[in-house]
Amino acid sequence: MNMQIKTPQQSHTIAILVDNEAGVLARVVGLFSGRGYNIESLTVAEVDHAKRTSRITIVTSGTPEVIEQIEAQIKRLVPVHRVVNWTIAKPGIEREMALVKVVGHGDKRSEAMRIAEIFRARIIDTGHTSFVFEITGAPQKVDNFLDLMRPLGLVDVSRTGVAAISRGPEAM
Amino acid sequence: MDRDTTLTAQDAIELSGAEMVIRALKDQGVEHIFGYPGGAVLPIYDALFAVEGITHVLCRHEQGATHAAEGYARSTGKPGVVLVTSGPGATNAVTGLTDALMDSIPLVVLTGQVATHLIGNDAFQECDTIGITRPCTKHNWLVKDVNDLSRVLHEAFQIATTGRPGPVVVDIPKDVQFKKGSYIGPQSVKHRTYKPKTDPDLAAIVKAIDLMANAKRPIFYTGGGIINSGPEAAKLLRELVAITGFPVTSTLMGLGAFPASDPQWLGMLGMHGTYEANLAMHDCDVMVCLGARFDDRVTGRIDAFSPNSKKIHLDIDAAQINKNVRVDVPIVADATKALKEMLHFWKTQRRKVDAPALAAWWKQIEDWRGKKSLSFKNSTTIIKPQHAIDRLYELTKGRETYITTEVGQHQMWAAQRFKFEEPNHWMTSGGLGTMGYGLPASIGVQMAHPDALVIDIAGEASVQMTMQEMSTAVQYNLPVKIFIINNEYMGMVRQWQQLLHGGRYSSSYSEALPDFVKMADAFGCVGLRASTPDELDDKIKEMIEVRRPVLFDCRVDPKENCYPMIYSGAPHNEMVLSDSEDEAVVVTEEGKMLV
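Structural notes, computed from the coordinates. This structure is a prediction, so every number in the text was calculated from the model and none was measured. (Residues numbered from 1 in each chain as written. Chains lettered and ligands numbered in written order. Predicted model: local features only at pLDDT ≥ 70, side-chain atom pairs only at ≥ 80, totals over all residues.)

## Description of the overall build of chain A
Line of reasoning, step 1. Helix and strand counts for chain A come out as four helices and nine strands.
Line of reasoning, step 2. Secondary structure elements in chain A, listed N-terminal to C-terminal, are β-α-β-β-α-β-β-α-β-β-α-β-β.
Line of reasoning, step 3. Dimensions of chain A, computed from C-alpha atoms along their principal axes, come out at roughly 60 × 45 × 35 Å.
Line of reasoning, step 4. Looking at the 172 residues of chain A, the share that counts as buried comes to 24%.
Line of reasoning, step 5. Here the contacts in chain A between residues at least 6 apart in sequence split such that 74% fall between residues at least 24 apart. (Helix = DSSP H or I, 4+ residues; strand = E, 2+ residues; numbered from the N terminus. Buried ≥ 20, exposed ≤ 12 C-beta atoms within 10 Å, placed from the backbone. Contact = placed C-beta atoms within 7 Å.)

## Notes on the overall build of chain B
Line of reasoning, step 1. Helix and strand counts for chain B stand at 23 helices and 22 strands.
Line of reasoning, step 2. At 25 Å, chain B has a C-alpha radius of gyration in line with the 25 Å of a compact globule built from 595 residues.
Line of reasoning, step 3. Relative to its 595 residues, chain B shows a buried fraction of 55%.
Line of reasoning, step 4. At a minimum sequence separation of 6, the contacts of chain B that also span at least 24 residues come to 77%. (Rg over C-alpha atoms; globule rule 2.2 N^0.38 Å.)

## Side note on the sheet that holds strand S12 (residues 286-290) of chain B
Residue and element names in this part refer to chain B.
Line of reasoning, step 1. Pairing is parallel across the open sheet formed by six strands, whose spatial order is S11-S10-S9-S12-S13-S14. Each edge of the sheet is formed by a strand with only one pairing partner; in this case those strands are strand S11 (265-268) and strand S14 (329-332). Pairs of neighbouring strands in the sheet enclose a mean axial angle of 15 degrees, with direction left out of account.
Line of reasoning, step 2. One ladder, built from five bridges, connects strand S9 (residues 218-222) with S12; its direction is parallel. Its bridge partner lying in S12, Ile219 is registered against Met287. (Pairing = 2+ DSSP bridges. Axes fitted to C-alpha atoms, helices over the stretch in contact; angles between N-to-C directions.)

## Some words on the sheet that holds strand S16 (residues 426-427) of chain B
Residue and element names in this part refer to chain B.
Line of reasoning, step 1. A sheet is described by the order of its strands in space; here six strands give the open sequence S16-S15-S17-S18-S20-S19, paired in parallel fashion. Edge positions in the sheet fall to S16 and strand S19 (526-530), since each has one partner strand and no second.
Line of reasoning, step 2. Relative to strand S18 (residues 481-486), strand S17 (residues 453-459) runs parallel, the two sharing five bridges. Residue Ile457 lies in a different strand from S18, and its bridge partner there is Phe483.
Line of reasoning, step 3. Packing of helix H17 (residues 409-417) onto the sheet brings it into contact with strand S15 (401-405), S17 and S18, and relative to S17 it is tilted by some 135 degrees.

## Some remarks on helix H3 (residues 62-76) of chain B
Residue and element names in this part refer to chain B.
Line of reasoning, step 1. Its 15 residues place the ends of H3 21 Å apart at the C-alpha level, agreeing with the 21 Å of an ideal helix rising 1.5 Å per residue.
Line of reasoning, step 2. Of all the 15 residues making up H3, 14 are buried; the element is thus mostly covered by neighbouring parts of the structure.
Line of reasoning, step 3. Just downstream of H3, Gly77 is the residue with a positive phi angle, here 80 degrees. (Expected span 1.5 Å × (residues − 1).)

## Considering the interface of chain B and chain A
Line of reasoning, step 1. Taken together, the contact pairs 20 residues of chain B with 22 residues of chain A.
Line of reasoning, step 2. Residue classes in the side of chain B that touches chain A are distributed as eleven nonpolar, three polar and six charged. (Nonpolar A, V, L, I, M, F, W, Y, C, P; charged D, E, K, R; others polar.)

## Things to note about unusual backbone geometry
Line of reasoning, step 1. Here the residue pair Tyr563 of chain B and Pro564 of chain B is connected by a cis peptide bond, since its omega of -5 degrees sits within 30 degrees of zero.
Line of reasoning, step 2. Here Pro564 of chain B is to be found in the loop between strand S20 (550-555) and strand S21 (565-566).
Line of reasoning, step 3. In this model, Arg52 of chain A sits at a positive phi of 55 degrees, which is unusual for a non-glycine residue.
Line of reasoning, step 4. With respect to the element layout, Arg52 of chain A can be found in the loop between strand S2 (41-48) and strand S3 (53-62).
Line of reasoning, step 5. When the 12 C-beta atoms within 10 Å are taken as the criterion, Arg52 of chain A is described as exposed.

## Let's talk about H17 of chain B
The periodicity of an α-helix, 3.6 residues per turn, causes residues three or four places apart in sequence to face the same way.
Line of reasoning, step 1. Among the nine residues of H17 of chain B, nine are classified as buried, and the element is accordingly described as predominantly covered.
Line of reasoning, step 2. For H17 of chain B, the secondary structure elements touched by its buried residues are S11, helix H16 (385-396), S15, S17, S18 and helix H20 (491-500) of chain B.

## Quick look at the nonpolar core
For soluble globular proteins, the rule of thumb is that nonpolar side chains tend to be buried together.
Line of reasoning, step 1. In this structure, Val82 and Leu237 of chain B are the most contacted members of the largest nonpolar core, which totals 182 residues.
Line of reasoning, step 2. Setting aside residues no more than four positions away along its own chain, Leu237 of chain B makes contact with Thr222, Ile226, Ala257, Phe258, Leu290 and Leu339 of chain B.
Line of reasoning, step 3. If you look at the next biggest cluster of nonpolar residues, it comprises 17 residues, including Val28, Ile58, Val162 and Ala164 of chain A. (Core = buried A, V, L, I, M, F, W, Y, C linked by C-beta atoms within 7 Å.)

Now the structure itself:
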């Protein structure tokens, strides 16, 4: 029962609906650093201006015990309305957006454009030697795109982190 | 006191921020506050100047103020209120805040802040109070608009005192204290998100009593949650223990919830708990944990903790469930409500315990009890610290006595030997282990209970950390008794150095101690000293009789160790009962890493 069995770390996407008050993000982030939990990605923005609520989406990793503890600890924070684990509680959809700058000439440049088309990435800025692509998808898709762009002159990346929502008619 | 706690936004009255603070304190029923003035709280101190019904206790250090407020809160069940200035005032309060967070003590700490237009400018006595206190409070607020102030103050009291209690900070910039705004009463404040769950899940209650009724080797393991839930919870616990006939042990924080004179009481459990309590925890088949949190001082080696038991865990804080130990029946609720339901279902479903099994279990427990794990070799020439505490207990028995402690060996001896019969009479720093807690805490207790006998069982090292508060005791005629178990060492540090570090007593001996009797003189209180067992009783009696603050220098055997002990990294069934068994014990490498 009490044996600390070495269970594998698993990645979880957790959505937190909070009151949009000063310092609320610091409370959540401070909880993670103070208790030694990982943050793999974090996204936050106000989602309802009238109700002053913000939604924080955190991708974290840990054993099932640690994930249970993370959820319980977040729920203790006073300005938190709701906490949902999209990896366990409900099937969720995850998307991430990245802006990707690729610099190159000749074949490499046309290869970058060809791959971007396959990934349905949009070109949102271009010059004679550079592109800025906008790509949206599951984090793994973004990873794959970046892997392919690296030998083609990838110089800069800005990723938004994961946003997640449930499938079906229900709200969070 | 005429107060209208129902003032709504419609009929709000106009007050300055400083006046609002005083009004809110009155509306919340606050009678005592502990604090220290400074530039950024002068408007509040000004508003306090002519106020009747609120006594301000001027402490000598903000840490002292917070511990005094903790002692006040623990001994009354009411929140402790602290008022300090910005910058160093706030940073000095951090130890008390953290202490209160770890031990679930309701504190409302009001801090002054530099004016809003100066925030972020590195102004004089500015610090990021909210940033610094965020991890050591249950919640905190910076109030930038005076019209938010009354709502925030009332929310602060609600959050500090409900659910799992804890400390909160309200940081109030100086310009907000001067500005006028509308004040609303506590009744019209409703928090948007904060709704602690206090009602138990009845299915879990029934599962719990199922386990209890079928138990062959049950134990109640109770904690500070019973005390925090209020005196009713302690009454219900006593009824449940009586009706089931189960043995009961408690954590350090839970002492007094169950009377130590009762035959079903096994004493405290954990690192310095009794042999019978720890062995019963290890061998039980059903563990009923009520308001405790499986702290590392209690469990010892976690993977060998009570390996064959089903575990019921009642806690008001859902985050404690499955944190250190996986449990079978979690109950997230207020202890009073959950105990009521447990008793209700036990009675209405006519539950019976397995009497023959229970009798055999008690026989086993009595065998363990026969080890007399708290016994020690007394002396006729030197005062043994255990003897000093035994005499203190015997000579104060039957009085309304409150005990506070510092942290270390004396604290453990006090917890083991002083027999507590009622809740809220034992104030100690459990989770944080704050040396310097006991003296100011005793001041807070005495302020709340002016006629009671309030004793800080102290160590000579700890007590020097907040010694300055003797001045506070003298100023307010608080006849606290500071009973110093003086062994000239940081005793617990020395004990660990003996056991784990080859007897290399690095910096644990205080080569220059003050003369505590002369010191008492300097403070204007009474100094007493006992150096031999012969004079101990008379000196203790003298201490009890004098209606003034006392510093009692009790010179004890400097080399005495605190037993029984579960070494770091060892399980409950590997207890060491005395020095003579040292040879047999090897602290594992992993154990050495633990604190």
